[in-house]
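# Structure at a glance
In case you want the letters, here they are:
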Amino acid sequence: MTANPADAFDLVIFDCDGVLVDSERIYVTVDALVTAELGAPFTEAEIIERFVGSSVEVLRAAVEERIGRPLADDWDEPYTHLYRAALADLTPVDGIPEVLAALTTPYCLASNGSHRSIHRSLTTTALSHHFEGRVFSASDVARGKPAPDLFLHAARTLGADPARCAVIEDSAYGVAAARAAGMRAFGYSGGLTPAARLEGPGTVVFDDMRALPALLAAAR
């Protein structure tokens, strides 16, 4: 991995859902249907606050707590088709294609999603070619976000100093993971998560993805 010495960062790490692809609204709607079907209904507001940016394991644990019993290992299989159908018309987050075209700093993707779901999202939105060989999933590490493991794994694999990494996130889980990893966080509030939940130390909050290259450059 090579970076321009004039760049503020050696590596830019993008989350996937809500940052690269406009999927969070879709997931929230389907999650509400699925949790209701499981007998543990969560409102869309609760889902945004508790599950956006987390993993399916977090959702499963919350459902199990609410219904008072464990779910079967294949609990989610009857609902897979709902997510797949809803995501068929998935689009990139507004401005992301322009951002990726403008960046001169090396970048990668690190998501709490599975490699399968990441691949599907990137393929549907025609973004796959931007991230070939540079996709990291929470399944690659012991702990997903908000633990720092995933971001540190990505930086280590690509030979970047964590202190010179920028993380682009849209969830409280993600910015917490970036801070724990000692990386600069850029919290995108143009999606579902309110700006107030992204604010904090070492974090720049912004609501227009097209502003990102300038924000990264200004961080020198």
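Just above, that's the structure.
Notes on the structure follow.

Criteria and thresholds
Residue positions are given per chain, counted from 1 along the sequence in the order it is written. Given that this is a predicted model, residues contribute local features only at a pLDDT of at least 70 and side-chain atom pairs are listed and counted only at 80 or more, while totals for whole chains, interfaces and linings are drawn from all residues. Hydrogens and waters are ignored; side-chain quantities use all the structure's heavy atoms. Note on definitions: salt bridges are taken to be side-chain nitrogens of Lys or Arg within 4 Å of carboxyl oxygens of Asp or Glu. Only protein chains enter the calculation, and the probe is 1.4 Å; a residue is then buried if its accessible area is under 20% of its type maximum, exposed if over 50%, and partly exposed in between. Nine residue types can take part in a nonpolar core, namely buried Ala, Val, Leu, Ile, Met, Phe, Trp, Tyr and Cys, and a core is a set of them joined through side-chain atoms within 4.5 Å. Each helix corresponds to a stretch of at least 4 residues labelled H or I by DSSP, and each strand to a stretch of at least 2 residues labelled E; elements are numbered beginning at the N terminus. Note on contacts: a residue pair is in contact if any heavy atoms of the two residues lie within 4.5 Å. Note on terminology: pairs of cysteine sulfur atoms within 2.5 Å are recorded as disulfides. A pair of strands is considered paired only if DSSP assigns at least 2 bridges between the two. Only the contacting stretch of a helix is used when fitting its axis, a line to C-alpha atoms as for every element, and angles between N-to-C directions run 0 to 180 degrees.

### Regarding the pattern of salt bridges
Counted according to the given criterion, the structure contains ten salt bridges. Across the salt bridge formed by R25 and D22, the nearest N and O atoms sit 3.1 Å from each other. Classification of D22 by relative accessible area gives partly exposed; the value is 30%. Salt bridges here are not isolated pairs; linked through shared partners, they connect D15, K145 and E169.

### Here we look at the nonpolar core
Counting residues in hydrophobic clusters, the biggest one holds 49 residues, and the most contacted among them are F14, L20, I168, F186, M209, L212 and L216. Per element, the largest residue contribution to this core is six residues, and it comes from helix α1 (residues 24-37). When neighbours within four sequence positions are excluded, L212 is seen to be in contact with F14, V99, I168, F186 and F206.

### Considering the environment of A219
Tracing the chain through its elements places A219 in the segment after α10 (212-218). When the C-alpha positions of A219 and I47 are compared, they lie 33 Å apart, and in sequence the two are 172 residues distant. Residues contacting A219, with those up to four places away along its chain left out, are A8, F9, R184 and F186.

### Points about the state of the cysteines
The full count for this structure, using the stated rule, is zero disulfides. Of all cysteine sulfurs in the structure, the one in C165 sits closest to C108, which takes part in no disulfide; the separation is 7.7 Å. Residue classification places C165 among the buried positions, given a relative accessible area of 0%.

### Looking at the sheet that holds strand β2 (residues 107-111)
Judged by pairing direction, the sheet is parallel, and its six strands sit side by side in the order β3-β2-β1-β4-β5-β6 without closing on themselves. What marks the edges here is a single partner per strand, and that holds for β3 (135-137) and β6 (203-206). Across the sheet, the mean angle separating the axes of adjacent strands is 20° when strand polarity is ignored. Here β2 pairs with β3 via three bridges, running parallel. Counterpart to L109 in the pairing with β3 is V135. Of the strands in this sheet, β1 (11-14), β2, β3 and β4 (165-169) touch helix α7 (residues 149-157), which is tilted by about 150° from β3.

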